[in-house]
Amino acid sequence: IDSLLFVCNAFIYALNATAKFVATPEGTALAYGSLVFMALLPIFFGALRSVTCSKSKNAADMPETITSRDAARFPIIASCTLFGLYLFFKVFSQEYINLLLSVYFFVLGVLALSHTMSPLMSRIFPASFPNKQYQLLFTQGSGESKEEIVNYEFDTKNLVCLLISSVVGVWYLLKKHWIANNLFGLAFALNGVELLHLNNVSTGCILLGGLFIYDVFWVFGTNVMVTVAKSFEAPIKLVFPQDLLEKGLEASNFAMLGLGDIVIPGIFIALLLRFDVSLNKNSRTYFYSSFLAYIFGLGLTIFVMHTFKHAQPALLYLVPACVGFPVIIALFKGELTEMFSYESSEEVLPASPRLTSFPTVSGSPASLASSMDAVSVATGSSPRHRRLQPTSM
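Note that the structure is predicted; figures quoted are calculated from it, not measured.

> Could you clarify how one ought to interpret the overall build of the protein in this entry?
Secondary structure assignment for the protein yields 14 helices and 9 strands. For the protein, with 393 residues in total, the buried portion stands at 55%. Long-range contacts, defined here as pairs at least 24 residues apart, represent 81% of the contacts in the protein between residues at least 6 apart.

As structure tokens, this is what we get:
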């Protein structure tokens, strides 16, 4: 979101409210175990939903495709955003910056959470539920020059999702409670894995390789990453208290995981699941191998961080694991060439919008969340409108 998921993706860091606090072994194990479990949820379910999303016939619900060109310049965009935030926190009041960001993430969080809840709500409501359809349409100009600014279709079930999400949003806005933060964070991560599609494995290797270098440099080379993450009060990270057993829900000494450490490997794992589906072998070998590799890499990150008591760039361990394991398996199975020649974009409509264009804001609340969340995460820009016809750079 506004490139922020990737800005603070570099590390797992134990953030203590007081320097004297020492977590118990039980509290530490509970915190890190919970972080790992929460990280796996959006990857697993987001990957499954990405398969359905890639087959969508509705242009408004289609995913954003990341090309090799987009992947190559992404670390540069993320670095500029990160350093810009670092300067902002040095020059301007942290309180006012976080106030503006809280309002911004309140809106996006409500939409993202509503999108996440929509499939569940559709199953909960009985068939006899009076589900009325609504449409909100804004246009600009007239005649042949008319442009659609907003074409927002929704129904009664979507309104219920928005209402529930708004309650969580108000809770987060007023209290900044860690549970509300995690609900928004999980929704952002799931949307990112579902709606950001790598077009092929080579693009995934370029993206992960570039962010691998970005991660290591900004964590080990400077204090910029840690400074921004500790100053930034927004649901761009998952947190879990290490003193939960002592203080309950009012605990305040957190271990945290940047959402980028979930979304970046997650979109690569989702690509491998779509590759598995394309093989038509009723097997999910590459998906499960990369999923297990992610667990191994994240566990190794936590172990090294806990051993050396220093923030760790998680992608330093996640990238080699998530890329290396599936490649080795493909090499042994003789499917390496087939893996690297697979084009995920062939699974969607030929007019699938590229990352460099802005999708029409239309459809259900899921569509609106998709448009605002996926474009913001992918391009590092605020949600904007575009013409009905996609444009490319």
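Once the structure has been displayed, the description carries forward.
> Would you take a moment to explain the UniProt feature "transmembrane region" (unreviewed entry) in the protein for this structure?
UniProt marks residues 29-51, 71-89, 95-113, 180-198, 205-229, 254-273, 285-308 and 314-332 with the feature "transmembrane region" (unreviewed entry), using the numbering shown here. Helix makes up 100% of residues 95-113 and strand makes up 0%, while its end C-alpha atoms are separated by 26 Å. Across residues 285-308, the secondary structure splits into 100% helix and 0% strand, with the terminal C-alpha atoms separated by 34 Å.

> I would appreciate a short explanation of the pairing of strand 3 (residues 133-140) in the present structure.
The side chains of a regular strand alternate, residue by residue, between the two faces of the sheet. Summarising the sheet, strand 3 and strand 4 (residues 147-155) pair through 8 bridges and their orientation is antiparallel. When the sheet's bridge partners are listed, Leu137 is paired in strand 4 with Asn151. Where strand 3 hands over to strand 4, the hairpin turn is made up of 6 residues, of which Gly141 adopts a positive phi near 85 degrees.

> What should I look at first to understand the pattern of salt bridges in this one?
As a working rule, side chains carrying opposite charge can pair if their charged atoms are close by. Applying the stated criterion across every chain yields a total of 5 salt bridges. Among the salt bridges present, the one from Arg49 reaches Glu194, with a minimum N-O distance of 3.2 Å. In this pair, Arg49 is assigned in helix 2 (residues 25-54) and Glu194 in helix 6 (residues 178-195), connecting sequence segments 145 residues apart. Glu194 shares its class with Arg49; the two are buried. Asp70 is the salt-bridge partner of Arg73, the closest N and O atoms lying 3.3 Å from each other. Residue Arg73 and its partner Asp70 are both found in helix 3 (residues 68-91); the two are separated by 3 residues, about one turn of the helix. Residue class for Asp70 comes out buried when judged on its relative accessible area of 1%. One salt-bridge network, in which partners are shared between bridges, spans Lys281, Lys333 and Glu335.

> Sorry, what's going on with the nonpolar core here?
In globular proteins that are soluble, nonpolar side chains generally tend to be buried together. Ranked by internal contacts, the top residues of the largest apolar core, which has 99 residues, are Leu35, Leu207, Val228, Phe232, Ile262 and Tyr294. With 13 residues, the single largest contributor to this core is helix 10 (residues 260-279). Ignoring sequence-local partners within four residues, the contact set of Tyr294 consists of Ala39, Leu40, Ile43, Asp261, Ile262, Pro265, Ile269, Leu318 and Cys322.

> Explain the packing of helix 10 against helix 11 (residues 285-308) here, please?
Relative placement of two packed helices is described by the angle separating their axes and the distance separating the axes. At their nearest, the axes of helix 10 and helix 11 sit 7 Å apart, and the two run at 160 degrees to each other. One finds that helix 10 runs roughly antiparallel with respect to helix 11. In contact with Asp261, Ile262, Pro265, Ile269, Leu272, Leu273, Phe275, Asp276 and Leu279 of helix 10, helix 11 contributes Thr285, Tyr286, Phe287, Ser290, Phe291 and Tyr294. When its residues are assigned to classes, the contact of helix 10 with helix 11 shows 11 nonpolar, 2 polar and 2 charged.

> Looking at this model, I keep getting lost on helix 6. Mind explaining?
Helical geometry: 3.6 residues make up each α-helical turn, so side chains three or four residues apart lie on a common side. Helix length check: helix 6 (18 residues) gives 25 Å between terminal C-alpha atoms against 26 Å at 1.5 Å per residue, within 8%. Across the 18 residues that make up helix 6, a large majority, 15, are buried.

> Would you explain the packing of aromatic side chains in this entry?
How two aromatic rings sit relative to each other is given by the distance of their centres and the angle of their planes. For the coordinates displayed, the defined rule picks out 17 aromatic pairs. Considering the side-chain rings of Trp178 and Phe240, the 5.3 Å spacing of their centres and the 70 degrees angle between planes classify their relative orientation as edge-to-face. Taken together, the positions of Trp178 in helix 6 and Phe240 in strand 6 (residues 237-241) put the pair 62 residues apart, joining distant regions of the chain. The class for Trp178 is buried, based on a relative accessible area of 9%. With 6.4 Å between their ring centres and 45 degrees between their planes, Phe184 and Phe188 make a pair best called tilted. With Phe184 and Phe188 both in helix 6 and 4 residues apart, the pair spans about one turn of that helix. Look at Phe184 and you get buried, because its relative accessible area is 0%. Three or more aromatic residues joined by ring pairs form one cluster here, namely Phe44, Phe45, Phe287, Tyr288 and Phe291. Directly above the aromatic system of Tyr172 lies the positively charged group of Lys176, at a separation of 5.2 Å from the ring centroid.

Calculation criteria
Residues numbered from 1 in each chain as written. Predicted model: local features only at pLDDT ≥ 70, side-chain atom pairs only at ≥ 80, totals over all residues. Heavy atoms only, no water. Helix = DSSP H or I, 4+ residues; strand = E, 2+ residues; numbered from the N terminus. Buried < 20%, exposed > 50% of the residue type's maximum accessible area, 1.4 Å probe, protein only. Contact = heavy atoms within 4.5 Å. UniProt positions renumbered as here; feature names shortened; annotations may be inferred. Pairing = 2+ DSSP bridges. Salt bridge = Lys/Arg side-chain N within 4 Å of Asp/Glu carboxyl O. Core = buried A, V, L, I, M, F, W, Y, C linked by side-chain atoms within 4.5 Å. Axes fitted to C-alpha atoms, helices over the stretch in contact; angles between N-to-C directions. Parallel < 35°, antiparallel > 145°, perpendicular 65-115°, else oblique. Nonpolar A, V, L, I, M, F, W, Y, C, P; charged D, E, K, R; others polar. Expected span 1.5 Å × (residues − 1). Phe/Tyr/Trp six-rings, centres within 6.5 Å; stacked < 30°, edge-to-face > 60°. Lys NZ or Arg CZ within 6 Å of the ring centre and 35° of its normal.

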